[in-house]
Amino acid sequence: MEPTLNPESIALLLSLLATAVAMGLSLYTALGALGAAAYLGFIILPESPAGLAAPLVWGTLVALAVVELILSRFRLLDLIWSALHTLVRPPAAALFAAAALDQHGRYLGWAVALAALVVALLVHIPVLAVHTAARTAGPSPRRRGFTAVQLGLAAVIATLAWIAPPFAAAGALVMVLAPLPWWPRLWGAAYLALAGCFAVISRAGRYHRWDAGPDLPARLSKAAEAELDIPISRVRSARASLARVGARWPYLRGRLLVAQDRPPLFAHHRGYRSRFIRLPRASGRADHGALLETVQLDALTPYAVCVGPDAPPGPAILAALAGPKTEPVEPGGPGSA
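Everything numeric in this text was worked out from a predicted model, so none of it was measured. (Residues numbered from 1 in each chain as written. Predicted model: local features only at pLDDT ≥ 70, side-chain atom pairs only at ≥ 80, totals over all residues. Heavy atoms only, no water.)

Thoughts on the pairing of strand S7 (residues 293-297)
And step 1. Within S7, five of the five residues are buried, which leaves it mostly tucked inside the rest of the structure.
And step 2. Residues of S7 alternate between two faces, with Glu293, Val295 and Leu297 on one and Thr294 and Gln296 on the opposite face, all of them buried.
And step 3. Here strand S6 (residues 284-286) runs beside S7; their pairing, made up of three bridges, is antiparallel. Its bridge partner being in S7, Gly284 is matched across the sheet by Leu297.
And step 4. What sits between S6 and S7 in their antiparallel hairpin is a turn of six residues, with His288 showing a positive phi close to 60 degrees.
And step 5. As defined by bridge partners, S7 adjoins strand S8 (residues 303-307) across five bridges and the pair is classed as antiparallel. Bridge pairing in S8 places Val295 opposite Val305.
And step 6. A loop of five residues connects S7 with S8, the two strands running antiparallel in sequence. (Buried < 20%, exposed > 50% of the residue type's maximum accessible area, 1.4 Å probe, protein only. Helix = DSSP H or I, 4+ residues; strand = E, 2+ residues; numbered from the N terminus. Pairing = 2+ DSSP bridges.)

Considering a nonpolar patch on the surface
And step 1. A grouping of Val62, Val66, Ile70, Phe74 and Leu77 is seen on the molecular surface, where their side chains present a nonpolar patch of about 420 Å² in accessible area.
And step 2. Within the secondary structure layout, Leu77 lies in helix H4 (residues 75-84).
And step 3. By relative accessible area, Leu77 is classed as partly exposed at 41%. (Patch = residues over 30% accessible without salt bridge, like charges linked within 9 Å, V, L, I, M, F, W, Y side chains within 5 Å. Areas by Shrake-Rupley, 256 points an atom, 1.4 Å probe, with all protein chains shown as cover. Salt bridge = Lys/Arg side-chain N within 4 Å of Asp/Glu carboxyl O.)

A few points about the pattern of salt bridges
Oppositely charged side chains can pair when the atoms bearing their charge come close.
And step 1. Taken as a whole, this structure holds six salt bridges when the rule is applied.
And step 2. Here the salt bridges share partners, and the residues they tie into one network are Asp211, Arg239 and Arg255.

Observations regarding the side chain of Arg89
And step 1. Note on placement: Arg89 falls in helix H5 (residues 89-100).
And step 2. On the accessibility criterion, Arg89 (2% relative accessible area) is buried.
And step 3. At 3.0 Å, the side chain of Arg89 forms a polar contact with the side chain of His124.
And step 4. What Arg89 contacts, discounting residues up to four positions off in sequence, is Met23, Gly24, Leu25, Ser26, Leu27, Glu68, Trp81, Ala120, His124, Val127 and Gln150. (Polar contact = N/O pair within 3.5 Å; in protein donor to acceptor, adjacent residues only side chain to side chain. Contact = heavy atoms within 4.5 Å.)

Topic: the state of the cysteines
And step 1. Applying the stated criterion across every chain yields a total of zero disulfides.
And step 2. Among the cysteines around Cys197, which has no disulfide bond, Cys306 carries the closest sulfur, lying 14 Å off.
And step 3. We classify Cys306 as buried; its relative accessible area is 0%. (Disulfide = S-S within 2.5 Å.)

Re the packing of aromatic side chains
And step 1. Under the criterion given, the structure shown has three aromatic pairs.
And step 2. In this structure, Arg236 is placed above the aromatic ring of Trp210, and the distance from its NZ or CZ to the ring centre is 4.4 Å. (Phe/Tyr/Trp six-rings, centres within 6.5 Å; stacked < 30°, edge-to-face > 60°. Lys NZ or Arg CZ within 6 Å of the ring centre and 35° of its normal.)

Describing the nonpolar core
And step 1. Ranked by size, the top nonpolar core spans 43 residues in total, and within it Leu16, Met23, Leu31, Leu34, Phe96 and Trp162 carry the most contacts.
And step 2. For this core, the secondary-structure elements that each account for two or more residues are helix H1 (7-25), helix H2 (27-39), helix H3 (55-71), H5, helix H6 (106-135), helix H7 (146-163) and helix H8 (165-177).
And step 3. It is H1 that contributes the most residues to this core, eight residues altogether.
And step 4. If we skip the residues at most four places from it in the chain, Phe96 touches Leu16, Thr19, Met23, Leu31, Leu34, Pro49, Leu52 and Trp162.
And step 5. Formed by 22 residues, the second largest nonpolar core is a distinct cluster that contains Ala240, Phe266, Ala299 and Leu321. (Core = buried A, V, L, I, M, F, W, Y, C linked by side-chain atoms within 4.5 Å.)

Observations concerning helix H9 (residues 183-202)
And step 1. The end-to-end C-alpha separation of H9 is 27 Å, in line with the 28 Å expected for 20 residues at 1.5 Å each.
And step 2. Taken together, the buried positions of H9 are occupied by Leu186, Gly188, Ala189, Ala190, Leu192, Ala193, Ala195, Gly196, Cys197 and Ala199.
And step 3. Contacts made by the buried residues of H9 are with H4, H6, strand S2 (236-245), strand S3 (252-258) and S8. (Expected span 1.5 Å × (residues − 1).)

Some remarks on the side chain of Gln296
And step 1. With respect to the helices, strands and loops of the structure, Gln296 is situated in strand S7.
And step 2. At a separation of 2.7 Å, a polar atom in the side chain of Gln296 contacts the side chain of Arg244.

Below, the structure is given as structure tokens:
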């Protein structure tokens, strides 16, 4: 059947995209709310996803939403749950959209499924970033009730999407666009959790090790040698995130470079160039967190470095950064290239 553009089709598309945003917030809450609303007769779902109205289906989804709320109270489980659902929420939103449009033409179904996947991902990444930041270096102590608000908002948007599609779509658009000004730091925090989970799988048996300088990419090796003015063979490195500098939380992903008699450097890429930030030596503390560790340094300008299983443990990072001198971190200043 060829797709036709009419008010009913437009309303359906708006409903699907708004639902995708809700699924980016919480898959189980969004679908559970839809199923319960359909069962109670508040909304009418398209034929293919109408099975959500079965009590066993939406009841199971609601139970999973409760599990999500409970797990959010535990640091490690919250991190793993949030990171793994990067592989669940966006594809589920795409499948839901494709199923709802199975009678409206194959090409339209694929296009809307792709759009649903993208918007669900754009909503999920900031949510993952908030969960990761709250469990690592900030930006502030964990706000109680965030997960409850997240789940409740998913239920409201998903239900409103089928009752008042234009209003739901407008709210969903705000949720997609509002985080964009802070996207680099949000992506940095989200990537920290994703990289930690990936390292557990990909680096089994090679956890918590320094990498030798010669193992660095050739371009970074040359830049590091020029910056430190020593052979790269004397340098150790570790994957890390510069999570906090003073009152800022950049969550820059890069490498910590350490050499004897040289100031520690944090190397990261900006565009096609390697950038270096000199880190002052200072005393501090490591939080010994599972999966992701945060090392807080009490320099004149305090900073925090986060590491995962693919880097040395927090105390080893702390020992490498400790020293008598304290000076402010100056991103873009004399220590930058």
